[in-house]
Structures are given as C-alpha cells and as structure tokens.
Amino acid sequence: MKSLMKTLVFGLMVAFLFTSCAKQPTQQIDEAKAAIEAVVTAGGEVYAKDELKKLNESMTAAMDEINAQSKKFFKKYGKAKEMLVALKTDADAAKELIPARKEEAKNAAVAAQTEAVAAVEEAKALLEKAPKGKGTKADIEAMKADLAGLETSLTEVQAAIDAQDFFGAKDKAVAVKEKAAGISDMVKKAMDKVGIKY
C-alpha cells in the first residue's frame, strides 16, 4: 500500500511538473498584442509603418513558435516567451519614435503651406501687372480662375493640417505651389515679350 501511495504521489508530481511547464505564455501574448495596439493607436500605421510591419512579423513568428510547441509532448515555451518580451520592448521603442516623426511631418506640411501661399500671392501680384491687350483678356481670366481654385486648395491644405493629415497637406501644398509657379512663369514670359519689368 505504501509503495502504491509513493507511486501515486510521484505520478502526481510528474504530472504537475509537465502541466506547469506546458502552460502557454498567455500573459506575454496579451502584453505583446497590447503593445502593438498602442503603436497603432499612436499613429504607427502612418508614422512607423516599417516598425509596425516588423512587429507584426515578430508576433506571427512568436505565435508560430507557440503553436509548434503546443503540438509537442514536452512543451517548452521559453523561446516564445523571449520573443514576446523582445517584441514588447521593440513596440515600446517604436511608440516612442512616433511623436517626433509626427512633429517633423507637421513642420514639413506647414513649411510647404507657407511656400504655397507665397507662390499664390506672387502669381496674383504678377497677374495684376500682366500685359493687357487684345488677345490676352481670355488668358488673364483663365489664370485668375486658376488662382481662385488654388486659393480654395489652400483652405483644403489648412483643413488637412487641422485634421493631422500632414502628409496629405504637404502633397496638396506642393501641388498648389507648382501650379502657382507655372502661372507666374507664363505671366513673366508675357511681360518679357513686351518689356514690362516684374
């Protein structure tokens, strides 16, 4: 009877050891997922695309390791735990990068907006001095309409900045600047032909 009890107790201890070692690292999984979600919430899809892609790849690799271990009789989740801890550290680091990148994008958008406003103002001033003659009236009216459209686009640039769509705002501002510069160039060429200084 005593040896049966010893065998039973030993068997229970062995079973306990196997089950305690075989637990999936659910806490580390949850922490890693939460860390990735924090990066997304902070704007990672816009300002940390590469880092977010690597984090998702790391998460997939860690889950693959967990799934591989779960199919084994002797489960060892140590490597998976290390991967998840490293992933959380990487996610925290990626999240720290976002505010500076966001500020940099905002500054670039505001600078592009300032340049676009200056280009539109220059085009408007030049158009006022444009040579007015028999064949230029329609051209001047068309350019005025284009400039009015560009001024509308400038309000869209400001709206994009207000909505924190800094990359979109910058792209719009650059397009406005280029169109305004094109109008200025056309007016300057017309002024050069008749000898008007600008």
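Figured I'd write up the structure that's included with this text. (Residues numbered from 1 in each chain as written. Predicted model: local features only at pLDDT ≥ 70, side-chain atom pairs only at ≥ 80, totals over all residues. Heavy atoms only, no water.)

Moving on to the packing of helix 6 (residues 137–162) against helix 7 (residues 166–194). The N-to-C vectors of helix 6 and helix 7 enclose an angle of 160°; their axes lie 9 Å apart at closest approach. For the element pair helix 6 / helix 7, the angle class is roughly antiparallel. You can see that helix 6 and helix 7 cross each other, and the crossing is left-handed. Contacts between helix 6 and helix 7 pair Met 143, Asp 146, Leu 147, Leu 150, Ser 153, Leu 154, Glu 156, Val 157, Ala 160 and Ile 161 from the former with Phe 166, Ala 169, Lys 172, Ala 173, Val 176, Lys 179, Ala 180, Ile 183, Met 186 and Val 187 from the latter. (Axes fitted to C-alpha atoms, helices over the stretch in contact; angles between N-to-C directions. Helix = DSSP H or I, 4+ residues; strand = E, 2+ residues; numbered from the N terminus. Parallel < 35°, antiparallel > 145°, perpendicular 65-115°, else oblique. Left-handed = near helix turned anticlockwise from the far one by under 90°. Contact = heavy atoms within 4.5 Å.)

As for its position among the elements, Asp 64 is in helix 4 (residues 49–70). With a relative accessible area of 47%, Asp 64 lands in the partly exposed category. For the pair formed by Asp 64 and Ala 80, sequence separation is 16 residues and the distance between their alpha carbons is 8.8 Å. (Buried < 20%, exposed > 50% of the residue type's maximum accessible area, 1.4 Å probe, protein only.)

On to the packing of aromatic side chains. A complete count under the given rule lists two aromatic pairs for this structure. With a centroid separation of 5.7 Å and 35° between ring planes, the pair formed by Tyr 47 and Phe 167 is classed as tilted. Here Tyr 47 is found in helix 3 (residues 44–47), whereas its partner Phe 167 is found in helix 7, with 120 residues between them in sequence. For Tyr 47, a relative accessible area of 8% corresponds to the buried category. For Phe 167, a relative accessible area of 41% puts it in the partly exposed group. Ring plane angle 85° and centroid distance 4.9 Å describe the contact between Phe 73 and Phe 74, whose orientation is recorded as edge-to-face. (Phe/Tyr/Trp six-rings, centres within 6.5 Å; stacked < 30°, edge-to-face > 60°.)

Once that is clear, we can look at the nonpolar core. Counting residues in each nonpolar core, the largest one holds 45 residues, and the members touching the most others are Leu 55 and Val 187. Of all the secondary structure elements, the ones that give two or more residues to this core are helix 2 (26–41), helix 4, helix 5 (78–129), helix 6 and helix 7. Among the elements that line this core, the one with the most residues is helix 5, at 15 residues. In this view, Leu 55 contacts Ile 36, Val 39, Leu 87, Asp 90, Ala 91 and Ala 94; residues no more than four positions away in its chain are not counted. (Core = buried A, V, L, I, M, F, W, Y, C linked by side-chain atoms within 4.5 Å.)

For any two helices packed against each other, the geometry comes down to the angle between their axes and how far apart the axes lie. It is the contact of helix 2 with helix 5, at a shortest axis distance of 9 Å, that shows an interaxial angle of 20°. If you check the angle between helix 2 and helix 5, you find them roughly parallel. Pair helix 2 / helix 5 crosses with left-handed handedness. Listed contacts from helix 5 to Gln 28, Ile 29, Glu 31, Ala 32, Ala 35, Ile 36, Ala 38 and Val 39 of helix 2 are Lys 81, Leu 84, Val 85, Leu 87, Lys 88, Ala 91, Asp 92, Ala 94, Lys 95 and Ile 98.

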